[in-house]
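A closer look at the structure
What follows is the residue order along each chain.
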Amino acid sequence: MKKDELLPTKFTSLTDAHLFFDLPEPKHPLVSL
Amino acid sequence: MLSGKIEYGQDYYDFDQGGLLFAAPGQIMGGKGSEDSACSQFSLFIHPDFFLGYPLAKKIKQFGYFSYSIKETLHLSEEEKNTILSIFSFIENELNARIDDFSHDVIISQLELLFNYANRFYKRQFITRKAIGSNLLEKFETLLDAYFKDDLSVEFGLPSVSYFADHLNLSSSYLTDMLRSLTGQSTQQHIHDRLIIEAKQMLSTTDLSVGEVAYALGFEHSQSFSNLFKTKTKISPLEFRRSFN
């Protein structure tokens, strides 16, 4: 694998997605903006 | 919703005027940032469970733009952008204010409004980009011609929507929605109509059996061919042939 190759990241929850994008914890577990 | 430039594959996509991009669960998205790429965005994350028990859970499947690619992003006018931003603002206020018994219903209503507006704006985009669409229709027809002319149906079977979408460098959903807005018919309906034209030609000008015609068109089973033929023409392939004798 090349060093700069991007690996897909799978989110199983909104919290996962927020952590990945360095966002504050979501206020609702199922929807966030 | 985003504005700025996004690097995707080898290309940059310009959303300086603002763009709206949808993605379904499991869809792979991404791209890498670069020093000269600047992008600001609003991201609305919705867990599929949020729709459970609401009619929107079923209705959302009708919105084809959830499987469009980034190249098929909705480019918004200033007025459209303000409409979308006002819905985002409403959702944000609802999330920030309080979570009570009514929050879920209120946010679902706003999401449905957002999806309906996006649907309307995409239809507008198909119309305002009609020249591109007409060119696309021409290319699609050329590919469909070539598929039968080059006997690809014998080699690869029935022509599929994804075959044409791949060759036109589009997602299947976008191709279908674009064709539907231009002609009123989906990609699959275009393919079926073309299959019937080819079938009628073979049945009326050759001695091939119904099974051989089905095979030549790419059907695995002649019964599937007969069923499609009867659905489209109201008569069976044999009845059609007899009408010529």
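Refer to the structure above for everything that follows.
Residues numbered from 1 in each chain as written. Chains lettered and ligands numbered in written order. Predicted model: local features only at pLDDT ≥ 70, side-chain atom pairs only at ≥ 80, totals over all residues.

Let's talk about the overall build of chain A
- What chain A contains, in helices and strands, is one helix and one strand.
- Considering chain A as a whole, with its 33 residues, one finds that 9% of them fall into the buried category. (Helix = DSSP H or I, 4+ residues; strand = E, 2+ residues; numbered from the N terminus. Buried ≥ 20, exposed ≤ 12 C-beta atoms within 10 Å, placed from the backbone.)

What about the overall build of chain B?
- Per the secondary structure count, chain B includes eleven helices and six strands.
- When burial is assessed residue by residue, chain B has 23% of its 245 residues classed as buried.
- The contacts of chain B with a sequence gap of at least 6 include a subset with a gap of at least 24, amounting to 63%. (Contact = placed C-beta atoms within 7 Å.)

Brief notes about the interface of chain A and chain B
- With ten residues of chain A in contact, the opposing surface of chain B contributes 17 residues.
- At the level of elements, α1 (14-20) and β1 (31-32) of chain A are the ones that each hand at least two residues to the side of chain A that touches chain B.
- A per-class count over the side of chain A that touches chain B returns seven nonpolar, two polar and one charged.
- Here β1 of chain A pairs with strand β5 (residues 45-46) of chain B via two bridges, running antiparallel. (Nonpolar A, V, L, I, M, F, W, Y, C, P; charged D, E, K, R; others polar. Pairing = 2+ DSSP bridges.)

Thoughts on the packing of helix α8 (residues 187-205) of chain B against helix α10 (residues 222-233) of chain B
Residue and element names in this part refer to chain B.
- Contact geometry of α8 with α10 gives a least axis separation of 10 Å together with a crossing angle of 100°. When the axes of α8 and α10 are compared, the pair comes out roughly perpendicular. Contacts from H192, L195, I196 and A199 of α8 reach α10 at L228, F229, K232 and T233.
- Considered class by class, the residues forming the contact of α8 with α10 number five nonpolar, two polar and one charged. (Axes fitted to C-alpha atoms, helices over the stretch in contact; angles between N-to-C directions. Parallel < 35°, antiparallel > 145°, perpendicular 65-115°, else oblique.)

Here's the deal with helix α7 (residues 172-183) of chain B
Residue and element names in this part refer to chain B.
- Across its twelve residues, α7 extends 16 Å between first and last C-alpha, which sits within 8% of the 16 Å expected from 1.5 Å per residue.
- Taken as a whole, α7 has its buried residues at S173, Y174, L175, T176, D177, M178 and L179.
- Taken together, the buried residues of α7 touch α3 (103-128), α4 (130-149), α6 (161-167) and α8.
- One or two positions beyond α7, positive phi appears at G184, with a value near 85°. (Expected span 1.5 Å × (residues − 1).)

Quick word on the nonpolar core
Residues and elements named next belong to chain B.
- With 26 residues, the main nonpolar core has L74, A118 and L175 as its most contacted residues.
- Of all the elements in the fold, those that place two or more residues in this core are α2 (78-97), α3, α4 and α7.
- In terms of residue count, α3 provides more of this core than any other element does, six residues in total.
- Not counting the four nearest positions on each side in its chain, L74 is found in contact with G19, L20, A118, F121, Y122 and Q125.
- The next biggest cluster of nonpolar side chains, apart from the first, holds eleven residues, and it includes L195, L203, F219 and F229. (Core = buried A, V, L, I, M, F, W, Y, C linked by C-beta atoms within 7 Å.)

Things to note about the environment of L143 of chain B
Residues and elements named next belong to chain B.
- Of note, L143 is situated in helix α4.
- Through-space distance from the C-alpha of L143 to that of H167 is 8.3 Å; in sequence the pair is 24 residues apart.
- Ignoring sequence-local partners within four residues, the contact set of L143 consists of F164 and H167.

Points about unusual backbone geometry
- The backbone of D22 of chain A sits at a positive phi, close to 60°, despite the residue not being glycine.
- The topology assignment puts D22 of chain A in the loop between α1 and β1.
- A residue is classified by how many C-beta atoms lie within 10 Å of it, and D22 of chain A, with 6 of them, is exposed.
- Positive phi, close to 55°, is recorded for D151 of chain B, a residue that is not glycine.
- As for its placement among the helices and strands, D151 of chain B is situated in the loop between α4 and α5 (152-156).
- Overall, D151 of chain B belongs to the exposed group, with 11 C-beta atoms counted inside 10 Å.

Description of α10 of chain B
- For α10 of chain B, which comprises twelve residues, the first-to-last C-alpha distance of 16 Å matches the rise-based estimate of 16 Å (1.5 Å per residue) to within 8%.
- A positive phi of about 75° marks K234 of chain B, the residue just after α10 of chain B.

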